[in-house]
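Secondary and tertiary structure notes
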Amino acid sequence: MSPGAESDGTRPRADGADGPRPRADGRPLALAAIDLGATSGRVMVGLLRPSPYGTTDGGEGDSDDPTGRLELHAAHRFENRLGRRDGHLSWDIDALWEQVRQGLTAAEHLARELGADGISSIGVDSWAVDYALVGPDGERIGEVIAYRDERTDGAAESVARRVDVGRQFALTGIAQQPFNTLYQLAVDDRLGSAPAGTPALLVPDLLTFLLTGERRTELTNASTTGMLAAGENAWSPEMLEAAGVDEGQFAPLIRPGERVGPVRSDLARELGIGEVPVIAVGSHDTASAVLAVPAADDGPVAFISSGTWSLIGLELESPVLTERAREAGFTNERGVDETFRFLKNVAGMWLVSESIAQWEESGARIDLDDLLAAAAAVPGDRFRIDPTDPCFLAPGRMADRVADAARVIGGDEERPRTPAQLVRCILESLAETYRDELHAACRLARRPLPERLHVVGGGSRNRLLSQLTADALGIEVVAGPMEATALGNLTLQARALGAIPHRPGSIRELVRASVELEVFAPGERSGTSAR
């Protein structure tokens, strides 16, 4: 059966019909999100309570009744750590798969405890660009090498000798980041010896393959590779050639919201779950996070997806492919529903978390909330760094590197001397970078500065950073939801199953009804709660 077929692998209902349990029966619909980040992973259960209209056909809907609320529950959380394997900085994908399996069993049990008839679908998202080579019999060839590995040193320059950087951007709309899949494939010495029929599966596509046995390449993540044609659902032959691969190196493309296939029957029995559909969500975690931005405004949405990286930009209807945009370091990533994220990558809370890791390795005990309170109490405007500097890309001894890079702008100290001073330096530098990059995005896209900026992801809990950002930009900052990636993943599943209407804005309506937000106004010292 083709991907997207409505009856593909759906859990049977008690009455023997296909599809999700009708909302009108009073029982909630439970969905599972596998959400993998660069430092941690989780399997989340989304519980969608029935709403009065009871739409299950995925149509426009005839009622103005609200879509209800989506409750988010953590079934299983786990760490994700890099390590040296076969001479490269790599992900322990086998450990991640084991944790995902445990998480799905836990999600099934949790869903039933919460009153649902088990989980009704699964979606997978993760970070971008990294991939596994999977042979024709399903065997993985080598490790999943991480984007932070040094193997791509010089690869961008080598590719640029085949296709110059201006042409690359015009073809794909993607910034020339040294870790792009394009450059990873260009230096991958495993390709020459891999058997025929060995595609490169991006990380969420690999997990989807392990769940279903189906090989697909989801569109939002494909756009980050540097090889997908800008504004098209097709690869750029010129960029594939530059990487030394052809279209056969990838599985067929699939749009977010389409069904990949059911969970393999043997795996479903082993995990104690149904042969439920695996739905292609916005598998690039930023695509899912931005889908869950709780915006109600017309016009472009300004956002920061704040976590390990800070991804700041605008959601647009078409890519910005000008030479000025390329020179400014912006990128155009695909979003859900034919949108584009025109954004800039800034090394975000990675700087804080890696600094804390260094202090804890030295024997200190660090509580993040206490550290942020101390940073709020020390004098500001003393030091600055450039958070976009490549010197902050690699892990290890981050506090020392930040202190060494800090420039003095006020006071007598030569550099930040305490953890509170250093964290204040990082956060003030990030806030000013956000200001500069959002203004640049608006100029390049020829759009006015929006009235508010939405901050989603783990960094939305950082109240000091949100206030500093509001002060720097002079506009409101709306913080939340924290678990935006999981919410975007789950709400798209709900729409694909017909549990909420398939109309513009329905997903963001559901998010706004389901979360508490905090609004930071310029010049205030604390945020206010809002729906």
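Structural data are supplied above this passage.
Residues numbered from 1 in each chain as written. Predicted model: local features only at pLDDT ≥ 70, side-chain atom pairs only at ≥ 80, totals over all residues. Heavy atoms only, no water.

The next thing to look at is the overall build of the protein chain. A tally of helices and strands in the protein chain yields 17 helices and 24 strands. Here the C-alpha radius of gyration of the protein chain, 23 Å, is about what a compact globule of 531 residues would show, namely 24 Å. On the principal axes, the C-alpha backbone points of the protein chain span a range of 75 × 55 × 50 Å. Looking at the protein chain residue by residue over its 531 residues, the buried ones come to 59%. Summarising the internal contacts of the protein chain: among those between residues at least 6 apart in sequence, 72% fall at separations of at least 24. Summing over all exposed atoms, the protein chain offers an accessible surface of approximately 20,400 Å²; the carbon and sulfur share of this is 46%. (Helix = DSSP H or I, 4+ residues; strand = E, 2+ residues; numbered from the N terminus. Rg over C-alpha atoms; globule rule 2.2 N^0.38 Å. Buried < 20%, exposed > 50% of the residue type's maximum accessible area, 1.4 Å probe, protein only. Contact = heavy atoms within 4.5 Å. Areas by Shrake-Rupley, 256 points an atom, 1.4 Å probe, with all protein chains shown as cover.)

Of the consecutive residues G480 and P481, the connecting peptide bond is found in the cis state with omega at 5 degrees. Position of P481 relative to the elements: it lies in the loop between β22 (476-479) and α16 (484-496). If you check the backbone angles, D86 has positive phi at about 55 degrees while not being a glycine. Along the chain, D86 falls in the loop between β4 (82-85) and β5 (88-91).

The next subject is the pairing of β22. Each regular strand displays side chains that alternate between the two surfaces of the sheet. Strand direction decides the pairing type here: strand β21 (residues 452-456) and β22, joined by 4 bridges, are parallel. Across the sheet, residue H454 finds its bridge partner in β22, namely V478. Regarding the hand of the β-α-β motif, the stretch spanning β21, helix α15 (residues 463-473) and β22 is right-handed. Here 3 bridges tie β22 to strand β23 (residues 517-520), and the two strands are oriented antiparallel to one another. Looking across to β23, one finds that V478 is bridged to V519. (Pairing = 2+ DSSP bridges. Right-handed = clockwise from strand over helix to strand, strands pointing away.)

It is worth spelling out helix α17 (residues 506-514) at this point. Buried residues of α17: S506, I507, R508, L510, V511 and S514, and no others. As for α17, its buried residues are in contact with β2 (40-48), β3 (70-79), α9 (285-291), β15 (301-306), β16 (309-316) and α16.

Take the nonpolar core next. The biggest cluster of nonpolar side chains holds 53 residues, and the ones touching the most others in it are L314, F342, I385, I426, L427, L438 and L453. A total of 14 residues in this core trace back to one element, the largest contributor, which is helix α14 (residues 419-445). In contact with L427, other than residues within four places in its own chain, are M349, V352, L372, N462, L464, L465 and L468. Membership of the second largest hydrophobic core comes to 45 residues, among which are A30, A116, L207 and L267. (Core = buried A, V, L, I, M, F, W, Y, C linked by side-chain atoms within 4.5 Å.)

Judged by pairing direction, the sheet is antiparallel, and its 3 strands sit side by side in the order β4-β5-β9 without closing on themselves. Edge strands, defined here as strands with exactly one partner in the open sheet, are β4 and β9 (144-145). Pairing analysis gives 2 bridges linking β5 to β9, with the strands arranged antiparallel. Its bridge partner being in β9, S90 is matched across the sheet by I145.

In this section: α14. Helical geometry: 3.6 residues make up each α-helical turn, so side chains three or four residues apart lie on a common side. Taking 1.5 Å per residue, 27 residues should reach 39 Å; α14 reaches 38 Å between its end C-alpha atoms and fits that length. Counting buried residues along α14, 21 of its 27 residues qualify, which places the element largely inside the surrounding structure. Residue R446 follows α14 closely and has a positive phi angle near 55 degrees. (Expected span 1.5 Å × (residues − 1).)

As a further point, take the pattern of salt bridges. Tallied over the full model, the rule gives 36 salt bridges. Across the pair R255 and E338 runs a salt bridge, and its minimum N-O distance is 3.5 Å. Of this pair, R255 sits in the loop between β12 (253-254) and β13 (259-262) while E338 sits in the loop between β17 (331-334) and β18 (340-347), and the two are 83 residues apart along the sequence. On the accessibility criterion, E338 (42% relative accessible area) is partly exposed. Overlapping salt bridges, with partners in common, bring together D381, R384, R424, E428 and E432 in one network. (Salt bridge = Lys/Arg side-chain N within 4 Å of Asp/Glu carboxyl O.)

Moving on to the pairing of strand β6 (residues 119-125). Buried residues dominate β6, accounting for 7 of its 7 residues. By the bridge criterion, 5 bridges tie strand β1 (residues 29-36) to β6 in an arrangement that is parallel. Directly across from A33, in β6, lies its bridge partner G123.

Reading across the sheet, the 3 strands line up as β8-β7-β10 and stay open at both edges, with antiparallel pairing between neighbours. The open sheet has two edge strands with one neighbour each: β8 (140-141) and β10 (200-202). Relative to β10, strand β7 (residues 131-134) runs antiparallel, the two sharing 3 bridges. Its bridge partner lying in β10, Y131 is registered against L202. With respect to the sheet, helix α5 (residues 203-212) is in contact with β7 and β10, its orientation differing from that of β10 by roughly 100 degrees. (Axes fitted to C-alpha atoms, helices over the stretch in contact; angles between N-to-C directions.)

When two helices pack together, their arrangement is captured by the angle between the axes and the distance separating the axes. Two elements in contact, α16 and α17, have axes separated by 10 Å at closest approach and are oriented at 125 degrees. With respect to each other, α16 and α17 are oriented oblique. Like other packed secondary-structure pairs, α16 and α17 cross with a definite hand, here right-handed. Counted together, T491, L492 and R495 of α16 and S506, I507, L510 and V511 of α17 form the full contact between these two elements. Here the residues of the contact of α16 with α17 are counted per class, giving 4 nonpolar, 2 polar and 1 charged. (Parallel < 35°, antiparallel > 145°, perpendicular 65-115°, else oblique. Left-handed = near helix turned anticlockwise from the far one by under 90°. Nonpolar A, V, L, I, M, F, W, Y, C, P; charged D, E, K, R; others polar.)

Disulfide: a covalent bond connecting the sulfur atoms of a pair of cysteines. Applying the stated criterion across every chain, the model contains 0 disulfides. Free cysteine: C425, not disulfide-bonded; nearest cysteine sulfur from C391 at 12 Å. Assessed through its relative accessible area of 1%, C425 is described here as buried. (Disulfide = S-S within 2.5 Å.)

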